[in-house]
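Structural description and commentary
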Amino acid sequence: MNRREAERCPVCQGPAVADSGSAGGLRCRLSTCVHNHQAVTCPRCRQKDLESVTIKGGKLQYRCRDCQMDWEI
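A few points on the structure.

Each value, and the rule that gives it
Residues numbered from 1 in each chain as written. Predicted model: local features only at pLDDT ≥ 70, side-chain atom pairs only at ≥ 80, totals over all residues. Heavy atoms only, no water. Helix = DSSP H or I, 4+ residues; strand = E, 2+ residues; numbered from the N terminus. Buried < 20%, exposed > 50% of the residue type's maximum accessible area, 1.4 Å probe, protein only. Contact = heavy atoms within 4.5 Å. Polar contact = N/O pair within 3.5 Å; in protein donor to acceptor, adjacent residues only side chain to side chain. Pairing = 2+ DSSP bridges. Axes fitted to C-alpha atoms, helices over the stretch in contact; angles between N-to-C directions.

Examined against the element boundaries, histidine 37 turns out to sit in the loop between strand S2 (26-28) and strand S3 (50-56). For histidine 37, a relative accessible area of 11% gives the class buried. In sequence terms histidine 37 and cysteine 67 are 30 residues apart; their C-alpha atoms lie 17 Å from each other. Ignoring sequence-local partners within four residues, the contact set of histidine 37 consists of Ser31, Thr32, Leu50, Val53, Leu60 and Tyr62. Within the structure, the side chain of histidine 37 is placed 3.2 Å from the side chain of tyrosine 62, a separation counted as a polar contact.

Below is the structure:
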C-alpha cells in the first residue's frame, strides 16, 4: 500500500491504523494527537474537548479547550 492510500486521522490528517477499540475505528499513529485522547475528561469542567496534548518530562500534559485548564497525568 502506498502512503497516499493509507488511512488518515480525522483530526490531524496524520497516518492512522485500524483499531476497533477507538472512536471511528481508527487510531492516529501520533501519540499526542487529540483523537487518541477522546476519553480524557477535564478535572475542572468535566468536558472531553481537549485543545492540546503534549509530552513533557515523560508525562502527558493536557489543555482543555473549554476552560483552558492545564493538567498532567
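The next subject is the sheet that holds strand S5 (residues 70-72). Pairing is antiparallel in the open sheet, where three strands are placed in the order S3-S4-S5. The two strands at the open ends of the sheet, each matched to only one other strand, are S3 and S5. Going across the sheet, the axis of each strand differs from the next one's by a mean of 20 degrees, ignoring polarity. Relative to S5, strand S4 (residues 59-64) is paired through three bridges, and the arrangement is antiparallel. Note that in S5 the partner of arginine 63 across the bridge is aspartate 70.

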